[in-house]
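What follows is each chain in one-letter form.
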Amino acid sequence: VLLVLWRRTRSDRRRQAFLIALAVSMVLLVVQSLVTTDREAIIQTLNELAGAVAEADLERIESGLDAEYSDGRHDRASLMVRIRAALMKRMIERPSLSGFEVDVNGDLATAEFQAFCDVRSGDRLFSRLPSTWRVEFVRRGDVWKVRSVDVLKVAFREVGGFGQLLNY
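This is a predicted model, so every value here is computed, not measured.

Colleague: What is the right way to look at the side chain of Thr45 in this model?
Modeller: Within the secondary structure, Thr45 is located in helix H3 (residues 38–54). Once you skip the residues sitting within four places of it in the chain, Thr45 turns out to touch Phe137 and Trp144.

Colleague: Sorry if this is basic, but what is going on with the sheet that holds strand E1 (residues 90–105) here?
Modeller: Backbone-to-backbone hydrogen bonds join strands into a sheet, with any given pair of strands oriented parallel or antiparallel. Read from one edge to the other, the open sheet built from five strands follows the order E1-E2-E3-E4-E5, with strand pairing classed as antiparallel. Where the open sheet ends on each side, the last strands, each with one partner, are E1 and strand E5 (157–158). The pairing of strand E4 (residues 143–154) with E5 spans two bridges and is antiparallel. Among the inter-strand pairings, Lys153 is bridged to a residue of E5, identified as Glu158. Of the strands in this sheet, E1 and strand E2 (108–121) are in contact with helix H5 (residues 76–89), which crosses E1 at around 140°.

Colleague: Hey, could you run me through the pairing of E4 in this one?
Modeller: On a regular strand, each side chain points to the face opposite its neighbour's, so the side chains alternate between the two faces of the sheet. Pairing between strand E3 (residues 124–140) and E4: 10 bridges, direction antiparallel. Residue Thr132 lies in a different strand from E4, and its bridge partner there is Lys153. Hairpin connection, E3 to E4: the antiparallel pair is bridged by two residues, and Gly141 has positive phi, about 70°. Taken together, E4 and the strand that follows it, E5, pair antiparallel across an intervening segment of two residues, in which Ala155 is found at a positive phi of about 50°.

Colleague: What am I meant to see in the pattern of salt bridges here?
Modeller: Side chains that differ in sign of charge can pair as their charged atoms come close. In total, this model carries 12 salt bridges according to the counting rule given. Arg139 is the salt-bridge partner of Asp107, the closest N and O atoms lying 2.8 Å from each other. Taken together, the residues Asp107 in the loop between E1 and E2 and Arg139 in strand E3 connect sequence positions 32 residues apart. For Asp107, a relative accessible area of 44% puts it in the partly exposed group. Each of Asp38, Asp107 and Arg139 takes part in salt bridges that share partners, so that together they form one network.

Cut-offs used in this document
Residues numbered from 1 in each chain as written. Predicted model: local features only at pLDDT ≥ 70, side-chain atom pairs only at ≥ 80, totals over all residues. Heavy atoms only, no water. Helix = DSSP H or I, 4+ residues; strand = E, 2+ residues; numbered from the N terminus. Contact = heavy atoms within 4.5 Å. Pairing = 2+ DSSP bridges. Axes fitted to C-alpha atoms, helices over the stretch in contact; angles between N-to-C directions. Salt bridge = Lys/Arg side-chain N within 4 Å of Asp/Glu carboxyl O. Buried < 20%, exposed > 50% of the residue type's maximum accessible area, 1.4 Å probe, protein only.

Put into structure tokens, the structure is as follows:
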């Protein structure tokens, strides 16, 4: 708008306003690229974990879990045993996450989101299988770690938690 006004009137004041607005916009773009919000960091962590699951990279998955992980059924060690067994039976391909709702409260956060992936189990392929998840995080230093995971729905059906999903 400022550019159009300046081009129409050739006023020095409007040109100056346009240049100031342009400079402020450039500064804001630089700041936006340098600063990562808690929400962005949590979404990035979730996407990295989804990639680790697709690659069956157990070390990356485990490094994303908090040392005090507990979902009421599993601690970190027992969860990793279950994940390892599940990934030996199934291959997760093309994971994509969307619809993030992130609530940050100090050093704790909760994220709910939808996930889609292809699941191969033996000769069977479940293409673009939808699921809904809730993940609780705790900030350890500058890093967000997964404190608990709960799957809410798979294929639009209620699931009795993450433990049941591993038996799916």
